[in-house]
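# Examining the three-dimensional arrangement
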Amino acid sequence: MRLADYMADCLMHPDHGYYATRDPLGAAGDFITAPEISQMFGELIGLSIAQSWVDQGAPKTCVLAELGPGRGTLMADALRATRAVPGFHDALSIHFVETSPVLRAAQAEAVPQAQWHDHVDALPDAPLFLIANEFFDALPIRQFIRDGDAWRARMVAAPEGQLQWGLSAPAPLALLAHRLPDTKDGDVVEICPGLPAAVTVIASRIAQHGGAALIIDYGDWQSQGDTLQALSGHERTDPLAATGQADLTALVDFAEIARHAAPAAFSRLTTQGVVLDRLGITQRAQTLAKGLTGDALEHHIKAHRRLTHPAEMGDLFKVMSIYPETASAPPGLAP
Ligand code: SAH
């Protein structure tokens, strides 16, 4: 079985899939994400998107979309923070791309006015303002090991009813021709088969109608090595052991996002810590701190550090924007 097919079943199989059958987020779940750490994250991301909407002439109708919204916390915080932006809420309709029924139910509690879709291509044709936080890392990947000028795919096999890794026969791959100059025999490279189509849809909507996308995830400019990770109860586990019981993710290859951003423009890849700092997280943290004491204050200070410090999420997570060639990059990002 291809690794991507194994990953897709592990994550989204209707009866056994990890996301399809549970809400894994939060301190008590398997992992915690930026919007669940602090309201400041969704507020600042929302305000950056709203400023882009203003900068592009405040289009009268637009789509505000989120891919893989988890519990809907980011969108709820973004909407609260942007209430005072004149005309913004009247212009938007809210669209979520989400396949998990369990998480759709949680999202409906947080943002009852949202409309749901299974794929980005179902989003309405209109100016598109889009947020994706830790969405692309959950898309299934394939891994290839270089063998001369050919590649062997990493496969999942079950010879005696026991899952184990296998390798396909070596074959040249046009798909990986661009990786021959920067890899050598034995190197592992990853591709995300679902990424090009999703990014192409987003970029062409934005180029045609206007809008902006903020893509936030852990990853780097180009994938190198085996980055597949299984997480359960905030601990790493073996990706083949806890089938459907663990979150499976891989680092996002932002160069691939950039490669598919035409005909729109893409911003410089920037760390989450720097982007949040530019958006004013420290001032916002100070304002919120005024109303807090004791454990709540302590918790708030830790959350600020966790989101921004280079040793925590600050450097590991990166932000890239896709925006029209004719517009400026959203606040926090630069061309
Ligand atoms: N953005 C949220 C949740 C991140 S977890 C946060 O930051 O808290 C990944 C999210 O993507 C979940 O909501 C999951 O159900 C959704 N997801 C994963 N694969 C998906 C797919 N192929 N299509 C749509 N949604 C998907």
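First things first, this report covers the structure right here in the doc. (Residues numbered from 1 in each chain as written. Predicted model: local features only at pLDDT ≥ 70, side-chain atom pairs only at ≥ 80, totals over all residues. Heavy atoms only, no water.)

### Digging into the pairing of strand E1 (residues 62-67)
For E1, the tally of buried residues reaches six of six residues, placing the bulk of the element in the interior. The side-chain alternation of E1 yields two buried faces, one formed by Cys62, Leu64 and Glu66 and the other by Val63, Ala65 and Leu67. Inspection of the sheet shows E1 paired to strand E2 (residues 92-97) by six bridges, in the parallel sense. When the bridges of E2 are listed, Val63 appears paired with Ser93. (Buried < 20%, exposed > 50% of the residue type's maximum accessible area, 1.4 Å probe, protein only. Helix = DSSP H or I, 4+ residues; strand = E, 2+ residues; numbered from the N terminus. Pairing = 2+ DSSP bridges.)

### Here we look at the sheet that holds strand E5 (residues 142-147)
Pairing is antiparallel in the open sheet, where four strands are placed in the order E7-E6-E5-E8. Two strands in the sheet have a free side with no partner beyond their single neighbour: strand E7 (164-167) and strand E8 (188-191). Looking at each pair of strands side by side, their axes are set apart by 35° on average, direction ignored. Relative to E7, strand E6 (residues 150-157) runs antiparallel, the two being bridged by four bridges. Within E7, the position partnered with Val156 by the bridge is Trp165. Contacts between helix H1 (residues 3-12) and the sheet are confined to E5, E6 and E7, with E6 contributing the most and set at about 35° to the helix. (Axes fitted to C-alpha atoms, helices over the stretch in contact; angles between N-to-C directions. Contact = heavy atoms within 4.5 Å.)

### Regarding the sheet that holds strand E11 (residues 235-237)
With antiparallel pairing, the three strands of this open sheet are ordered in space as E11-E10-E12. Among the strands making up the open sheet, the edge pair consists of E11 and strand E12 (247-249). Taken pair by pair, the neighbouring strands of this sheet meet at an average axis angle of 40°, ignoring direction. Judged from the three bridges that link them, strand E10 (residues 229-232) and E12 form a sheet pairing that is antiparallel. Opposite Leu231, over in E12, you have Asp247 as the bridge partner.

### With respect to the packing of aromatic side chains
For any pair of aromatic rings, geometry is given as the distance between the ring centres together with the angle between the planes. Evaluation of the coordinates by the stated rule reveals five aromatic pairs. Ring centres of Trp53 and Phe88 lie 5.1 Å apart, and the angle between their planes is 55°; on these two criteria the pair is classed as tilted. Of this pair, Trp53 sits in helix H4 (residues 39-55) while Phe88 sits in helix H6 (residues 88-91), and the two are 35 residues apart along the sequence. Given a relative accessible area of 1%, Phe88 falls into the buried group. One residue, Arg154, lies across the ring of Trp165, its end atom 3.9 Å from the ring centre. (Phe/Tyr/Trp six-rings, centres within 6.5 Å; stacked < 30°, edge-to-face > 60°. Lys NZ or Arg CZ within 6 Å of the ring centre and 35° of its normal.)

### Describing the site of the ligand
Near the ligand, the surroundings consist of 19 residues, among which Thr33, Gly68, Gly70, Glu98 and Asn133 are the closest. In the model, a nitrogen atom of the ligand is placed 2.7 Å from a nitrogen or oxygen of the Gly68 main chain. Take Gly70: an N or O atom from its main chain is 3.1 Å from an oxygen atom of the ligand. Across the shell around the ligand, the residue classes tally to 10 nonpolar, six polar and three charged. (Near = heavy atom within 4 Å. Polar contact = N/O pair within 3.5 Å; in protein donor to acceptor, adjacent residues only side chain to side chain. Nonpolar A, V, L, I, M, F, W, Y, C, P; charged D, E, K, R; others polar.)

### Notes on the nonpolar core
Residues Leu67, Leu128, Leu130, Phe136, Ile202, Ile257 and Ile322 are the most contacted members of the largest nonpolar core, which totals 51 residues. Looking at this core, the element that brings in the most residues is helix H8 (residues 195-209), giving six residues. If sequence neighbours within four positions are ignored, Leu130 has contacts with Ile49, Ala65, Leu67, Leu123, Ile202, Ala212, Ala213 and Leu214. (Core = buried A, V, L, I, M, F, W, Y, C linked by side-chain atoms within 4.5 Å.)

### A word on the pattern of salt bridges
Enumeration over the complete set of coordinates arrives at 15 salt bridges. The shortest N-O distance in the salt bridge between Arg152 and Asp147 comes to 3.7 Å. Under the relative-accessibility criterion, Asp147 is labelled partly exposed at 30%. A salt bridge links Glu312 to Arg305; the nearest nitrogen and oxygen atoms lie 3.2 Å apart. Judged by relative accessible area, which is 41%, Arg305 ranks as partly exposed. Salt bridges sharing partners connect three or more residues here, namely Glu43, Asp77, Arg80 and Arg284. (Salt bridge = Lys/Arg side-chain N within 4 Å of Asp/Glu carboxyl O.)

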